Structure formats: C-alpha cells, structure tokens
Amino acid sequence: MDFLDEPFPDVGTYEDFHTIDWLREKSRDTDRHRKITSKSKESIWEFIKSLLDAWSGWVVMLLIGLLAGTLAGVIDLAVDWMTDLKEGVCLSAFWYSHEQCCWTSNETTFEDRDKCPLWQKWSELLVSQSEGASAYILNYLMYILWALLFAFLAVSLVRVFAPYACGSGIPEIKTILSGFIIRGYLGKWTLLIKTVTLVLVVSSGLSLGKEGPLVHVACCCGNFFSSLFSKYSKNEGKRREVLSAAAAAGVSVAFGAPIGGVLFSLEEVSYYFPLKTLWRSFFAALVAAFTLRSINPFGNSRLVLFYVEYHTPWRRKTTRLGKYPVLEVIVVTAITAIIAYPNPYTRQSTSELISELFNDCGALESSQLCDYINDPNMTRPVDDIPDRPAGVGVYTAMWQLALALIFKIVITIFTFGMKIPSGLFIPSMAVGAMAGRMVGIGVEQLAYHHHDWIIFRNWCRPGADCVTPGLYAMVGAAACLGGVTRMTVSLVVIMFELTGGLEYIVPLMAAAVTSKWVADAFGKEGIYEAHIHLNGYPFLDVKDEFTHRTLATDVMRPRRGEPPLSVLTQDSMTVEDVETLIKETDYNGFPVVVSRDSERLIGFAQRRELILAIKNARQRQEGIVSNSIMYFTEEPPELPANSPHPLKLRRILNLSPFTVTDHTPMETVVDIFRKLGLRQCLVTRSGRLLGIITKKDVLRHMAQMANQDPESIMFN
C-alpha cells in the first residue's frame, strides 16, 4: 500500500522566504478542477458544490471590496479628525473635525467659514486667548506635542506588534505576487496594526502618504478572505490572483480610481494576470469604491478629499540614527513639526495642499494663490475670469511655496525608511504640484505683461484667460510621480479619475511619457524596483533585458572545483541516507537519477515534501526504519528476504521537471524563468544530468553581467 494515497498535512506548502513553483500550482489547480467537474455529474449535491466553487472567486472579490472600502472610509474620517486635533477641538462634539464642527454651527458666515464659536484653538481653550504671541506659541507647542504623540504611538505599535506594518508595502507585495513567500506580511496582526498606525502617522504631519499602505491593507484583506476558501488557501498560485485583485481595490479606495486601480495592478504589481483576474479586479475595485462612496468620509459624495498620494518607500539599510527606530521617528517628527508650523503650506495636510494647488481661481476663492488685482471695469461673467496682475498675496504665496518645496524634498528623503507605515504618492505629487503651480503663475504673469511675445501672440488676447496655473500644478504632480515610479498608463488614468480632468488627458500623457524618459536617463529602476533590490528579494523583473551571450553551462551549479551535485537515486538509498543528506545540505530539492554511475534523470523531489513524507511514514506505516530502502519507481526493488519494509515515495516525485541543455543561451533561460515562474531548471546533455540552475543563480548572473554585486540577492 502507498500511504501517500491519503493526503497528510503541509504537503504542497512552502517554507518562508522561498519561491513557489508556478507550474506545479497550475497543475494542481487543473487537477482539482477536473475532479470537481467529474464529481458534479454524480449527484445534485456535487453539482451544487461545483457551482459554489465556481462562484467562490466572485464572493471573495465582494468581501474584499466591502472590507477595503470600509477601512478606507474609517481611515479617512479618523485622519481628518486627528489632523485637526493638533490645532484645536470642537466643543459640541470632540470627535468632529474642524469642518464638521463648523457645518453644525448656525453662526458661521461665508466670509469666515473657517471660523465658528464651536471650534476653539488650544490657546482659546486653555488660556482664553486667540491672538498675540503667547497664543501663537501655545498653539505651536500643542501642534508639536500632538505630532510627537501620534508618531511615538505609531512606531511603538509597529515595533512591538507588527514589524511588517512599516513602510509602503508595494515593493513587498510586488515580490509576493511574483511567487515569493513572506509569512506574516499579509497577516491579521499586520492588517490591524497597519490600519491603526496609518491613521497616526498621516495625522502626525510627517511627509508621507496613505495610498501605498492602503494597497497593503487591501491585500491583507484579500489574504484573509482567501484563507477561508480551500480553493485559494491550498494553492499559492490561485491566492496570488486574489491578491492582484485586492491591490486594484486598494488603489481604487486610495484615489477613488477603480479603473486606474485595475491598470495599476496590471502595469505595476502583478506578475501573473490572466483575463479572469482582470474582470474580478474590476469588480473588487468597483465594490470598494462604491462602499467608500456610501460612507462618504468627506461629506461631498466624492471618493477623495483630494488625496492624491501614493507611496513607495525609500529604505535606508544602515544609518546611525536608523539603529534606534523609535528615536529616529521622534527626531524626524519633531523637526517636521517645528519647521512645518510657521508655513501655512506645510502646516496643512498634504492632501489639502494638493487640492489648493490644483484649484482654479474662481470669484469665491479666498486662497492667497488667488489674490490678484481685479479691474473694477471688468464686466465678464464669473466663470470667465481673465488673466490679471498678481497681487501681494500671490507673491507671498510664491516664496512660501518655494520654501515649502525645498522643505518637502529634503524631509521626504529622511522620512521614508522609518519603521512606520509610509507612502510616497502624496509627497511626490505635492513636490510636483508646488513646482508646477509656481511655473504656472510665472507663465501667467509673462502672458499678461507680454502678450505680444511670439509664444503668446496666437492664443493670448488682452483680457483673456489663456494660462491656468492649476493645470500646471496637475501636470507637475503627474510628472514628478511618473519620474519616481515610472508609471505611465495607470498614472494618467488615476490622475484624470482623481481630478475629473478628462479634458486634460493629453498634457497628462505628455508629462507621464516625458518624465519617464528623463528619469530613465538616470537609471531604469523605479522606486519599487530599487526597494526590491535594496532588500535583496528574488524578483525577476519582466522589464529587464538580458542581451549577453552566455550559456546555461556558464551559470549552472556545480561549477569547476565545487563538490558534485547532491542527488537521490531511484531505488538504492536508505531512509537514513536521505535524512543525512537533508541534514547536511540546505537545498530546496534534489534531482532523482537512475544511479550515480549513469546520472540518467528520473525526476525532482522537493526537500520539504521529503521531510514530511519520511516523518509521516514513520508514524503511519509499519516496518519503516532507518535502513529501509526508499524507492521512486512503480515496483519495489528486489531485496533480501530479511530486509525491512521499503518506502515508496513516487507520489511526491515530479516526473516532468523543466530541463534545458548545457548549450541553451542564457537569454532563453532567463525568458523561461520569467514566463513560467520557475524555481529551478535542470541542465542535461543527452538525458544525463549535469547541473541545476535556480532563480537565485539567474538573478546573481544578471547582477554580475550588469557589474553589480551578485551577493545582493539574499533570499532563495
């Protein structure tokens, strides 16, 4: 009897920090589906079970969309309240933000819509003063103290309960979707702590965004719900289809851009994206966006206040301050709060800043950016305001924006890599929007004062509105973000979904393409890829080109001077021999050959499954001892009469391992690893085993050919 006829626990699973076998997972799912289809013809109950299995994917997508949208709404509401808490409190209900508090007041006027008796700053509440130096200093100190408290709570929670909750999450998710295993990265504790600490760090005023972390949060939701269905929990390949859709839902609620979310998942994070995943991603993104709209966190039936922030962290490997993560967060938060408070463009939340920079100046705008000198003789309608000379407020805003721009660039570099949830979308877009708005105002004033110049003559008439500074800010934000992430199509779609500026899709496309060209001139890696390489994850990017003329024999192991390849024979090794081999090596699997003399390849056995099979055989099968012969053939070998019972392990043997010849070009081998998601392939000549090439060997060889450190690839 073959005891493997009955399944035993943990077969087919993978160890932490290892890569899955995509071909094997695909084959297992095909076998499962074939079995369900066959059984569905036996009875009504089996037919109903097959229907439930077919619809389980859509149920998971529905649940992901509902939970991701709900969490995003809660995060938005909490951030809005806690950000305003640094400046004051609502007397009628302390859980109201400044805007919500003034909504409920009957004494608020249009001119003073940001002031209402129910909302009091800390100086008014504590010392009954709203103006003067003492009031300013007290508000300043309270702003700093609240920021430090929020940041300290966030870094403490991450450090103690969920270290994987730090950073953006997208580089790791991209690596996981390529087939890498990181246990706990998408776990329930990570979901809880990331959600709570994301509120804290965004409210603290640090130069970071919540969009990237929201993708991580949505993928945690996807991992949780996929674990409830055996179709996904027992197949790592199918699980990654769910995670791809969850990533789309995360971007959908982060930007209010369901179509952009699907394209982002397809363009940026997913490694394997079949057509049915496209449909399900769109469904999950749609449900998530609808759920967020139902919660209506901003009170305007829009999905975002103007939260255009996405994330990607730059991580530092070693810094003196980085050895003390809590102290690092406190110091950076203190510096940020101290410098940010005096400047109104750094004091306000980054999302509000971007919203103000994108806005066009209408007749009802009260921003300094709209302080133009009005012509009293102007009789044009309100919605057709012509270009006008800049007033004192605009010039004041220009130098404040210039200081804010320098501050944002510098502080963002130091903020990312800290042990807190952090995204790069909003800081990147803020930097681009500030630069774009300043350029836009400059061009606007040039056009007003020099409308007869050749560059303005054809479309700028005196008294006409020919330059829109808000559009320059929008294009600048897209360009900066595109340069950081190298996004193109998904970036443009996210931007026009976010702003509603579909008519501006041409300048957005031009900005995205130009920024990618310019950024590629400095290096081909986007921030996600750079982060992946910095952490040493075994990610084989489909965008990388391999043009070197090397062969499989140049990369395979063992090389000259190295010990021979560790192999198993089909019917001549004992259980003790195999256990010794497993104990003395750390390989993920072993080729199985006819004999050591012939080296004729039979198949490939995974290390983990060998360990589990031997362990379970000793427990469940009588007569299995250390000197029992292990065999991988259909029939047991001829043994003496007094020999112990042999152990048959043919069921765990992969009889069709992927093989290449020793003269296969490495360009072809790299392409095979990319498109099939292989963990390893065996190198043969005329059916005789010569060596093995693993994914790590391929990555090291590519790094070596690119004059990089091959030892930077740290994981299997």
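Rules behind the numbers
Residues numbered from 1 in each chain as written. Predicted model: local features only at pLDDT ≥ 70, side-chain atom pairs only at ≥ 80, totals over all residues. Heavy atoms only, no water. UniProt positions renumbered as here; feature names shortened; annotations may be inferred. Pairing = 2+ DSSP bridges. Helix = DSSP H or I, 4+ residues; strand = E, 2+ residues; numbered from the N terminus. Axes fitted to C-alpha atoms, helices over the stretch in contact; angles between N-to-C directions. Left-handed = near helix turned anticlockwise from the far one by under 90°. Contact = heavy atoms within 4.5 Å. Nonpolar A, V, L, I, M, F, W, Y, C, P; charged D, E, K, R; others polar. Patch = residues over 30% accessible without salt bridge, like charges linked within 9 Å, V, L, I, M, F, W, Y side chains within 5 Å. Areas by Shrake-Rupley, 256 points an atom, 1.4 Å probe, with all protein chains shown as cover. Salt bridge = Lys/Arg side-chain N within 4 Å of Asp/Glu carboxyl O. Disulfide = S-S within 2.5 Å. Buried < 20%, exposed > 50% of the residue type's maximum accessible area, 1.4 Å probe, protein only. Expected span 1.5 Å × (residues − 1). Arc of directions from axis to C-beta. Polar contact = N/O pair within 3.5 Å; in protein donor to acceptor, adjacent residues only side chain to side chain. Phe/Tyr/Trp six-rings, centres within 6.5 Å; stacked < 30°, edge-to-face > 60°. Parallel < 35°, antiparallel > 145°, perpendicular 65-115°, else oblique.

Going by an unreviewed UniProt entry, the protein carries the name Chloride channel protein and comes from Chinchilla lanigera. As recorded by UniProt, the Sequence similarities (unreviewed entry) comment attached to the protein reads in full: "Belongs to the chloride channel (TC 2.A.49) family."

A. Geometry of the sheet that holds strand β11 (residues 680-685). Ordered by their spatial adjacency, three strands build an open sheet running β10-β11-β12, and the pairing between neighbours is mixed. In this open sheet, the two strands that pair with only one neighbour each are β10 (659-661) and β12 (688-694). This sheet shows a mean twist of 35° between the axes of neighbouring strands, independent of strand direction. Sheet topology note: the β10/β11 ladder contains three bridges and is parallel. Directly across from Thr661, in β11, lies its bridge partner Thr684.

B. Main features of the packing of helix α2 (residues 44-85) against helix α10 (residues 236-255). Interaxial distance between α2 and α10 falls to 10 Å at its minimum, and their mutual angle equals 30°. Crossing of α2 over α10 shows right-handed handedness. The residues of α10 that touch α2, namely those facing Val60, Met61, Ile64, Ala68, Gly69 and Ala72, are Val242, Ala245, Ala246, Ala249 and Val253. Residues that form the contact of α2 with α10 fall into these classes: ten nonpolar, one polar and no charged.

C. Layout of a nonpolar patch on the surface. On the surface, a cluster of nonpolar side chains totalling about 860 Å² of accessible area is made up of Ile44, Trp45, Phe47, Ile48, Leu51, Leu52, Trp55 and Val59. Mapped onto the secondary structure, Trp45 falls in helix α2.

D. The state of the cysteines, seen in detail. Tallied over the entire structure, the rule returns two disulfides. Each disulfide pairs two cysteine sulfurs, and for Cys90 the partner residue is Cys101, the sulfurs being separated by 2.1 Å. An S-S torsion of about 75° defines the bridge between Cys90 and Cys101 as right-handed. Highlighted residues: Cys90 in strand β1 (residues 88-90) and Cys101 in helix α3 (residues 98-103), separated in sequence by eleven residues. The buried category is assigned to Cys101, whose relative accessible area is 0%. In this structure Cys220 is not part of a disulfide, and its nearest cysteine sulfur, from Cys221, lies 7.0 Å away.

E. Structural context of the pattern of salt bridges. Counted under the stated rule, the structure contains 21 salt bridges. Residue Arg240 is joined to Glu236 by a salt bridge in which the shortest nitrogen-to-oxygen separation is 2.8 Å. With Arg240 and Glu236 both in helix α10, this residue pair falls four residues apart, about one helical turn. Both residues of the pair, Arg240 and Glu236, belong to the buried class.

F. Main features of the sheet that holds strand β9 (residues 653-654). As summarised here, the arrangement of the four strands in space is β3-β5-β6-β9, forming an open sheet in which the pairing is mixed. Whereas interior strands pair on both sides, the edge strands pair on one side only; in this sheet they are β3 (568-569) and β9. In terms of strand pairing, β3 meets strand β5 (residues 589-593) through two bridges, oriented parallel. What sits directly across from Thr569, in β5, is Val593. Lying on the sheet, helix α25 (residues 607-620) is in contact with β3, β5 and β6 (601-606); it crosses β6 at an angle near 75°.

G. Inspection of helix α1 (residues 22-39) at higher detail. Here α1 spans 26 Å end to end across 18 residues, near enough to the 26 Å set by a 1.5 Å rise per residue. Turning to α1, its buried residues number three or more, namely Trp22, Glu25 and Asp29. On an axial view of α1, the arc spanned by its buried residues comes to 65°, and they lie on one face. For α1, the exposed residues lying more than 90 degrees away from the buried face are Arg34 and Lys35. Where α1 is buried, its residues touch α6 (170-177), α10 and α26 (666-676). The N-cap residue of α1 is Asp21: its side-chain oxygen and the backbone nitrogen of Leu23 are 3.3 Å apart.

H. Representation of the packing of aromatic side chains. For the structure shown, the criterion picks out 20 aromatic pairs. Taking the centre distance of 6.0 Å and the plane angle of 75° together, the rings of Tyr136 and Tyr140 count as edge-to-face. Note that Tyr136 and Tyr140 are positioned in helix α5 (residues 133-161) at a spacing of four residues, about one turn of the helix. A relative accessible area of 36% places Tyr136 in the partly exposed class. Tyr140 gets classed as buried once you look at its relative accessible area, which sits at 18%.

I. Expanded view of the environment of Gly57. Positionally, Gly57 belongs in helix α2. Looking at Gly57, the relative accessible area reads 0%, which means it is buried. Residues Gly57 and Lys276 lie 219 residues apart in sequence; the distance between their C-alpha atoms is 9.8 Å. Ignoring anything within four residues of it in the chain, the contact list for Gly57 reads Tyr232 and Arg280.

J. Quick look at the pairing of β6. Note: β5 against β6, five bridges, orientation antiparallel. In the sheet register, Phe590 faces β6, and the bridge partner there is Ala605. Across two bridges, the pairing between β6 and β9 is antiparallel. Counted as the bridge partner of Ala605 is Leu653 from β9.

K. Inspection of the packing of helix α13 (residues 325-340) against helix α16 (residues 392-415) at higher detail. Here α13 crosses α16 at 165°, and the two axes come no closer than 11 Å. Between α13 and α16, the angle is such that the two are roughly antiparallel. Regarding α13 and α16, the two cross each other, and that crossing is left-handed. On α16, the residues that touch Val332, Ile335, Thr336, Ile339 and Ala340 of α13 are Phe407, Ile411, Phe414 and Thr415. Residues belonging to the contact of α13 with α16 are distributed by class as follows: seven nonpolar, two polar and no charged.

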